[in-house]
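What follows is the residue order along each chain.
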Amino acid sequence: MFENYIKVALRNLIRGKLYSFINITGLAIGISCFMLIFLFIQDELRFDRFHSKADRIYRVVQKLDHTEGQGENSSSNPFPVAQALKTDYPHLIEETVRFFNFQVPSFSLQYGDARFNEKRLFYADSSLWKVFDFPLSVGDPATALAQPNSIVLTQEMAKKYFGDDNPIGKVVRFEGAVDLKVTGVFAALPTQSHIVFDGLISFATVYGQTGPNFGKSWIWNPCWTYALLKEGVDPSELESQFPAFVNKHYPDFIKPQMTHYLQPLIDIHLKSKLDYEIQPNNNESDIYIFAAIGIFILIIACINFMNLATARSAGRAREVGMRKVLGAERNQLIRQFFGESLFMSFIAVLVSMILVALALPVFNNLSQKQLSLDFLANPLIFAVLILVGIIVGFLAGVYPALYLSSFEAISVMKGRIKFSGRSGTLRKGLVTLQFAISLALIIGTMIIYNQLSYLRNVDLGFTKEQVVIVPAKPPIAGRYETLRNEWMQNNSVINVATMNEIVGAHHNTHEYNYEGMEAGKWIYFPSLIVSETFVETFNMQIIAGRNFSKDFPRDDSLAVIINETMVSHLGWESPEKAIGKRMYTPTGDERVIGVVKNFNFVSLHDPIGPFLLDMPLSNQRPFWIKYIAVRIAPKDFRETIAHIENKWNTVVPEYPFEFFFLDEDLNKLYKSQDNLGKLVGYFAALAVIVACLGLFALASFTAEQRTKEIGIRKVLGASVGGIVGLLSKEFLKLVLLSNAIAWPVIYYVMDSWLNGFAYRTSISLMSFVLAALMGLAIAFLTVSFQAIRAAVANPAKSLKYE
Amino acid sequence: MIKLNGIEKYYSSGFVKTYVLRGISCEIKEGEFVSIMGPSGSGKSTLLHILGMLDEPTNGEYYFLDQAVHKISEKQKTEIHKQYIGFVFQSYHLIDELTVYENIETPLLYKKINSSERKGMVADILDRFNIVGKKDLFPNQLSGGQQQLVGIARAVITNPKIILADEPTGNLNSAQGEEIMDMFKKLNKDGTTIIQVTHSEKNAAYGSRIINLLDGWIKEEGKN
Ligand SMILES: Nc1ncnc2c1ncn2[C@@H]1O[C@H](COP(=O)(O)OP(=O)(O)O)[C@@H](O)[C@H]1O
Ligand SMILES: [Mg+2]
């Protein structure tokens with residue numbers, strides 16, 4: 001029996017070549033999209049799970065309340081937190097480990113002639129391998145990070161510096177001053193980690209660089225701290241101890257604002273959006289968006305299958321009736337049709353495996369992942385493919401199976417099947433649904449792109465174009481003026497300023513005591529520590545008071561500039577009235593000397609809050625000069641940069657020169673939106689293709705079914721145009737209807753997506769109209785191809801058959 | 001074998017009833033060869049469908065081998081149908097996707113007869129009908145007469161007690177028609193009851209009895 005079904009299925013497949021091709025192609029594209037998205041989501045959900053103790057590892061994070069100030073939600077902690085937790089709660093905590101990088105953009109590393117700035121080096125405690133599982137290919141986890149001046153490198157780094165030589169025992173020069181011995185090499189590291197590094201340096205090295213008193217502060221909080229809880233310990237048990245912990249260790253003034261809490265390691269990648277993350281995390285909501293798209297494309301492909309099968313049912317009704325007369329029971333026929341659709345769907349699964357394998361390199365490039373179709377390493381793929389094959393086969397087969405098997409033998413013998421209007425209506429409904437989904441995806445893509453271009457072009461309140469950022473090093477502070485003067489020699493260098501973080505992307509918060517506040521208390525405001533030329537370099541505007549100036553040599557300890565929002569935040573009536581107000585810091589009795597026009601000091605996801613610009617105390621400058629911003633003239637910028645590099649190499653020969661453009665760096669803030677836009681765009685295009693395949697086949701069946709009618713109409717004098725219109729009209733109506741369904745739904749979805757941005761475009765009618773026109777045009781082309789073929793056919797031929 | 005008592009069949013559209021069959025009462029004995037004749041639209045096919053349990057009368061009683069068909073369930077009808085009745089159609093109704101061999105084999109599949117037995121039965125029938133050479137061809141590779149032979153072969157392979165044939169020679173030329181009628185005659189001799197619908201006096205002459213239908217009434221019954 002089964003053999004018989006397979007035979008019929010195969011012969012049907014070969015007979016209806018166009019039909020089979022469209023069915024299998026559509027399904028295969030749908031399944032491929034689904035699989036790519038599955039692999040993507042699986043990868044996202046796997047983050048940090050390769051550590052065998054992942055379920056017991058938590059990141060200790062810190063919240064500085066912002067009832068009054070701006071506070072922060074810090075992913076990192078003060079230095080002593082890790083050890084204090086371990087000492088205080090030995091019954092709850094098995095081990096802790098810290099990562100630290102001075103919050104600098106890069107460290108320099110040198111071996112012989114190989115000299116590079118490395119962006120992903122961290123200091124890490126020797127307890128690393130008691131908590132995490134980062135695998136070593138050479139080296140002993142017990143000792144690799146135990147001694148000061150040790151470094152463990154990744155394979156790529158070892159290759160980069162030592163080529164094929166054995167890296168173990170080699171000595172590299174770190175930051176031009178410290179010699180580090182290579183004590184280990186990592187094996188290939190899983191990419192699914194929220195901590196990505198090129199090398200780890202033993203934490204004890206820090207004290208050799210800075211002196212033994214370093215790292216005792218409970219204020220500065222640069223250490224990413226992870227705790228491995230004892231087996232069976234509930235994290236809330238530890239969290240309930242945190243108020244007492246804060247009370248015991250933190251300085252009095254900060255206690256009321258400080259809270260600690262724990263983040264499960266495995267939640268960080270998708271859920272954590274704190275300040276100072278090691279690298280930007282992804283959005284959980286993107287996962288849902290992708291999952292929805294994957295399922296929708298699969299639905300579109302299934303709909304094709306169902307539609308084509310029912311459209312062809314007229315041709316198969318005879319077979320069904322005949323089988324019934326010969327004694328087939330209905331459930332035997334149902335089984336036959338399910339068998340056929342399962343057969344088709346598994347062919348599609350096979351084809352999709354090829355498609356996925358071909359598409360993966362491109363998709364990996366787009367999504368910046370290293371996904372693979374490795375069944376051995378990832379047996380779940382196999383299970384999902386089988387499951388998808390079964391579900392798709394079942395979904396796609398259920399309607400034909402029930403519908404076709406319901407034909408009565410008698411109607412076949414009477415020579416005519418009356419197609420109930422129901423199947424036609426259902427078919428139209430499904431086509432409408434397909435197009436609605438496709439249109440929604442097109443509109444969604446356009447709105448995402450509109451928003452991205454808006455984000456790129458919105459006026460940030462400072463100039464981001466033609467600004468070169470040169471990461472600096474502490475020892476440069478003493479030579480900064482020389483460097484600046486050398487650079488300014490060139491007419492194309494317009495201005496130069498320093499800052500402690502990249503304006504528009506990052507900043508820290510610092511303690512202030514504003515006028516009207518109780519003396520001795522401090523609250524935290526976000527601020528940038530900059531040189532006196534900062535405001536001019538970035539074309540910012542002082543709207544009251546004055547700018548920092550060399551003419552006021554004590555500006556470093558006596559002056560701050562605040563933004564407009566700070567004025568209103570502190571209830572100071574006007575910018576003019578704010579001038580001269582107190583804004584003390586622990587190191588100086590500072591006063592407001594000027595008010596700067598609001599600028600976006602964080603990404604456009606967030607509104608502008610209160611903000612300060614402050615200058616570093618002259619004796620602390622090495623610590624605060626982390627970036628030098630150079631604004632250059634647009635023309636001949638390559639030569640200008642060559643000039644900047646030359647002068648750097650003469651003034652600061654011990655550090656390699658590096659630079660990047662500010663606008664490019666700021667665009668990275670929207671990287672995840674950018675990726676989302678690209679991926680949604682590609683999937684939308686595929687969805688449209690699959691939907692059109694279905695429409696094409698359906699149109700060809702309609703044309704076929706109406707061959708006789710068309711023949712008669714032509715004999716009666718209908719024109720080709722008239723017939724094309726007749727055949728196309730019906731489908732175009734469906735496309736219009738699908739617009740009516742897609743518009744409100746996607747409007748609602750995109751409106752809530754846009755609401756995630758403090759700065760958002762309005763949704764323009766344009767995207768909707770464009771998508772509708774596109775949909776109509778594509779549908780018309782698809783349908784009219786068939787319609788024209790039917791219309792120009794010789795009527796004598798088609799009529800002879802009946 | 002078959003007993004009809006006051007069979008009526010009408011279609012109602014709105015308030016208008018269109019009678020197709022009225023007051024049909026008759027008996028057909030085992031081993032008979034009956035021809036149903038009458039003008040187009042007189043209800044011949046409808047009667048045959050009712051006899052074959054593919055259609056239901058609106059009123060009246062139908063006994064098949066002393067079973068009250070008008071009272072039994074759909075499932076039982078399918079069983080009786082499968083076991084006792086073979087159908088032959090004017091337009092053959094072979095399954096286009098299957099070969100001659102597979103077409104003939106299909107009813108056996110639905111009777112769940114095992115593979116080796118099936119092979120034997122199909123081989124036997126192919127032989128009896130002289131179409132062994134055609135067994136791997138598809139229906140569209142055969143002439144009309146050959147297709148109808150396959151249709152009959154398919155109908156008799158399950159050894160039905162009765163064969164119902166609706167204008168079996170309607171699409172055939174006279175030589176082909178004769179061949180088919182000879183086949184029926186032979187089957188009838190071997191004990192199979194045959195009821196055929198036909199327009200041709202010549203074909204009717206192969207049978208033992210004629211039922212004439214006119215506007216749904218039995219006009220007259222004649223014996224040959
Ligand atoms: N579903 C139906 N609805 C209404 N009338 C029908 C239906 N099926 C058949 N008829 C009518 O029943 C009559 C008898 O049909 P049929 O038994 O096929 O006649 P015959 O085979 O003698 O030519 C015809 O007039 C036909 O129009
Ligand atoms: Mg008839």
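Residues numbered from 1 in each chain as written. Chains lettered and ligands numbered in written order. Predicted model: local features only at pLDDT ≥ 70, side-chain atom pairs only at ≥ 80, totals over all residues. Heavy atoms only, no water.

Colleague: Which parts of the structure should I look at to understand the overall build of chain B?
Modeller: The helix and strand inventory of chain B stands at seven helices and ten strands. With the principal axes as the frame, chain B shows a C-alpha extent of 55 × 40 × 35 Å. Intrachain contacts of chain B at a sequence separation of at least 6 include 70% that bridge at least 24 residues. Positive and negative charge centroids in chain B, built from 26 and 28 side chains respectively, lie 3 Å apart. (Helix = DSSP H or I, 4+ residues; strand = E, 2+ residues; numbered from the N terminus. Contact = heavy atoms within 4.5 Å. Lys, Arg positive; Asp, Glu negative; His and termini not counted. Charge placed at Lys NZ, Arg CZ, Asp CG, Glu CD.)

Colleague: Help me understand the overall build of chain A, please; the structure alone is not making it clear to me.
Modeller: For chain A, the helix and strand inventory stands at 28 helices and 24 strands. Seen through its C-alpha atoms, chain A measures out along the principal axes to roughly 105 × 60 × 55 Å. A separation threshold of at least 6 residues defines the contact pool for chain A, and within that pool the share at least 24 residues apart is 80%. For chain A, the computed accessible surface area is about 33,900 Å², with 59% contributed by carbon and sulfur atoms. In chain A, 74 side chains carry a positive charge and 71 a negative one; their mean positions are 14 Å apart. (Areas by Shrake-Rupley, 256 points an atom, 1.4 Å probe, with all protein chains shown as cover.)

Colleague: What am I meant to see in the side chain of Thr782 of chain A here?
Modeller: Residue and element names in this part refer to chain A. Examined against the element boundaries, Thr782 turns out to sit in helix H27 (residues 765-792). From its side chain, Thr782 meets the backbone oxygen of Ile778 in a polar contact 2.6 Å long. Setting aside residues no more than four positions away along its own chain, Thr782 makes contact with Cys692, Leu695 and Phe696. (Polar contact = N/O pair within 3.5 Å; in protein donor to acceptor, adjacent residues only side chain to side chain.)

Colleague: Mind showing me how you'd approach unusual backbone geometry here?
Modeller: Note: most residues except glycine have negative phi, and most peptide bonds are trans. Residues and elements named next belong to chain A. Look at Asp48: it is not a glycine, yet its phi comes out positive at around 65°. Structurally, Asp48 is set in the loop between helix H2 (17-45) and strand S1 (57-64). In the Ramachandran plot, Phe102 falls in the positive-phi region, its phi being about 60° despite a non-glycine side chain. Mapped onto the fold, Phe102 is located in the loop between strand S3 (93-100) and strand S4 (107-111).

Colleague: Hey, could you run me through the interface of chain A and chain B in this one?
Modeller: One widely used convention gives an interface's size as the accessible area the parts lose upon coming together. Counting residues at the interface gives 25 residues for chain A, matched by 24 residues for chain B. Taken together, the two surfaces of chain A and chain B that pack against each other cover about 2,500 Å², and 57% of this comes from carbon and sulfur. For the interface between chain A and chain B, the tally reads one salt bridge. Residue Glu329 of chain A pairs with Lys82 of chain B through a salt bridge whose shortest N-O separation is 3.1 Å. Connecting chain A to chain B are three residue pairs in polar contact (both at pLDDT 80 or more). Listed by contribution, the elements that provide at least two residues to the side of chain A that touches chain B are helix H1 (2-15), helix H11 (313-325), helix H12 (330-367) and helix H14 (409-413) of chain A. Tallied by class, residues from the side of chain A that touches chain B come to eleven nonpolar, five polar and nine charged. (Buried area = accessible area lost by both parts, 1.4 Å probe. Salt bridge = Lys/Arg side-chain N within 4 Å of Asp/Glu carboxyl O. Nonpolar A, V, L, I, M, F, W, Y, C, P; charged D, E, K, R; others polar.)

Colleague: Before we go on, may I ask you to explain the site of ligand 1 in this structure?
Modeller: The environment of ligand 1 is formed by eleven residues, the closest being Gly41, Gly43, Lys44, Ser45 and Thr46 of chain B. One finds residues of chains A and B in close proximity to ligand 1. In the environment of ligand 1, an oxygen atom lies 3.2 Å from a nitrogen or oxygen atom belonging to the backbone of Ser42 of chain B. In the environment of ligand 1, an oxygen atom lies 2.9 Å from a nitrogen or oxygen atom belonging to the backbone of Lys44 of chain B. (Near = heavy atom within 4 Å.)

Colleague: I tried to follow the packing of aromatic side chains on my own but got confused; where do I start?
Modeller: How two aromatic rings sit relative to each other is given by the distance of their centres and the angle of their planes. Residues and elements named next belong to chain A. Under the counting rule described, the total for this entry stands at 60 aromatic pairs over all chains. Between Phe79 and Trp220, the ring centres sit 5.6 Å apart and the planes meet at 50°, which makes this aromatic pair tilted. Taken together, the residues Phe79 in the loop between strand S2 (72-74) and helix H3 (81-88) and Trp220 in the loop between helix H6 (205-210) and strand S12 (224-229) connect sequence positions 141 residues apart. You can call Phe79 buried: its relative accessible area is 2%. In this structure Trp220 comes out as partly exposed when scored by relative accessible area, which is 22%. Residues Trp753 and Phe757 carry aromatic rings whose centres are separated by 5.1 Å and whose planes lie at 65° to one another, so their mutual orientation is edge-to-face. Put simply, the rings of Phe79, Phe100, Phe102, Phe107, Tyr123, Phe174, Phe203, Tyr207, Phe214, Trp220, Phe623 and Trp624 touch in pairs and so form one group of aromatic residues. The ring of Phe203 has Arg98 sitting right over it, with the charged end atom 3.9 Å from the ring centre. (Phe/Tyr/Trp six-rings, centres within 6.5 Å; stacked < 30°, edge-to-face > 60°. Buried < 20%, exposed > 50% of the residue type's maximum accessible area, 1.4 Å probe, protein only. Lys NZ or Arg CZ within 6 Å of the ring centre and 35° of its normal.)

Colleague: Is there a simple way to explain the sheet that holds strand S4 (residues 59-64) of chain B in this structure?
Modeller: Residue and element names in this part refer to chain B. Taken together, the four strands give an open sheet; going across it, the order is S2-S1-S4-S5, and neighbouring strands pair in antiparallel fashion. With partners counted over all chains shown, the strands left at the sheet margins are strand S2 (16-28) and strand S5 (67-68), one partner each. Sheet topology note: the S4/S5 ladder contains two bridges and is antiparallel. Each bridged residue has a counterpart across the sheet, and for Tyr63 the counterpart in S5 is Ala68. (Pairing = 2+ DSSP bridges.)

Colleague: Looking at this structure, how should I read a nonpolar patch on the surface?
Modeller: All names here are of chain A. A grouping of Ile295, Phe296, Ile299 and Leu433 is seen on the molecular surface, where their side chains present a nonpolar patch of about 310 Å² in accessible area. Examining the composition of the nonpolar patch, we find that three residues originate from one element, helix H10 (residues 284-311), more than from any other. Mapped onto the elements, Ile299 comes out in helix H10. Taking relative accessible area as the criterion, Ile299 reaches 32% and is therefore assigned partly exposed. (Patch = residues over 30% accessible without salt bridge, like charges linked within 9 Å, V, L, I, M, F, W, Y side chains within 5 Å.)

Colleague: Help me out: how do you make sense of the confidence of the model for chain A in this one?
Modeller: Detailed reading of predicted coordinates is not advised where the pLDDT is low. Here chain A averages 88 in pLDDT, and 95% of its residues register 70 or above. Contacts for the low-pLDDT stretch residues 417-421 of chain A, under 50 throughout, to residues beyond four places or in other chains number nine contacts. (pLDDT = per-residue confidence, 0-100.)

Colleague: Quick question: what am I supposed to make of the packing of H12 of chain A against helix H13 (residues 379-404) of chain A here?
Modeller: Packed helix pairs are specified by the crossing angle of their axes together with the interaxial distance, meaning the distance between the axes. Residues and elements named next belong to chain A. Interhelical geometry of H12 versus H13 gives an angle of 140° and a closest axis separation of 7 Å. Handedness of the H12/H13 crossing: right-handed. Split by residue class, the contact of H12 with H13 holds 17 nonpolar, six polar and one charged. (Axes fitted to C-alpha atoms, helices over the stretch in contact; angles between N-to-C directions. Left-handed = near helix turned anticlockwise from the far one by under 90°.)

Colleague: Mind showing me how you'd approach the pattern of salt bridges here?
Modeller: Between side chains of opposite charge, pairing is possible as soon as their charged atoms come close. All names here are of chain A. Per the stated rule, a full pass over the model turns up 35 salt bridges over all chains. The closest approach of N and O atoms between Lys369 and Glu44, which form a salt bridge, is 2.5 Å. You can see Lys369 sitting in the loop between H12 and H13 and its partner Glu44 sitting in helix H2, a full 325 residues away along the chain.

Colleague: So what exactly am I meant to see when it comes to the pairing of strand S16 (residues 508-514) of chain A here?
Modeller: Along any regular strand, the residues point their side chains to alternate faces of the sheet. All names here are of chain A. S16 sits mainly inside the fold: seven of its seven residues count as buried. Taking every second residue as pointing to the same face, both faces of S16 are buried, with Asn508, His510, Tyr512 and Tyr514 on one and Thr509, Glu511 and Asn513 on the other. The sheet contact formed by S16 and strand S17 (residues 523-529) spans five bridges and is antiparallel. Residue Asn508 lies in a different strand from S17, and its bridge partner there is Ser527. With two bridges joining them, S16 and strand S20 (residues 583-584) adopt antiparallel strand pairing. Across the sheet, the residue bridging to Asn513 is Tyr584, located in S20.

Colleague: What is the right way to look at the environment of Asp190 of chain B in this model?
Modeller: For Asp190 of chain B, the position within the fold is in the loop between helix H6 (174-189) and strand S8 (193-197). Residues Asp190 of chain B and Gly31 of chain B, spaced 159 residues apart in sequence, show a C-alpha to C-alpha distance of 8.7 Å.

Colleague: It is not clear to me how the sheet that holds strand S21 (residues 591-596) of chain A should be interpreted in this structure. Could you clarify?
Modeller: Note on sheets: strands pair through backbone hydrogen bonds, and any given pair is parallel or antiparallel. Residues and elements named next belong to chain A. Spatially, seven strands are ordered S18-S21-S19-S22-S17-S16-S20 in an open sheet, and the strand pairing comes out mixed. Bordering the open sheet on either side are strand S18 (542-545) and S20, each of which pairs with just one other strand. Pairing analysis gives three bridges linking S18 to S21, with the strands arranged antiparallel. The partner of Ile542 across the bridge, within S21, is Val596.

Colleague: Looking at this structure, I do not really get the domain arrangement of chain A. What am I missing?
Modeller: Residue and element names in this part refer to chain A. Each assigned domain of chain A is listed here: domain 1 (58-271) and domain 2 (474-654). Each of domain 1 and domain 2 was reduced to a C-alpha centroid, and the two centroids are 30 Å apart. Taken together, the 16 residues of domain 1 in the interface contact 18 residues of domain 2. Summed over both partners, the interface of domain 1 with domain 2 comes to about 1,400 Å²; 53% of that surface belongs to carbon and sulfur atoms. Here domain 1 is connected to domain 2 by zero salt bridges. Class assignment for the residues of the side of domain 1 that touches domain 2 results in eight nonpolar, five polar and three charged. (Domains from an automatic or database assignment.)

Colleague: So what exactly am I meant to see when it comes to the state of the cysteines here?
Modeller: One way to say it: the disulfide is the covalent bond shared by the sulfur atoms of two cysteines. All names here are of chain A. A complete count under the given rule lists zero disulfides over all chains for this structure. The cysteine Cys33 is free of any disulfide, with Cys302 supplying the nearest cysteine sulfur at 13 Å. Judged by its relative accessible area of 5%, Cys302 is buried. (Disulfide = S-S within 2.5 Å.)

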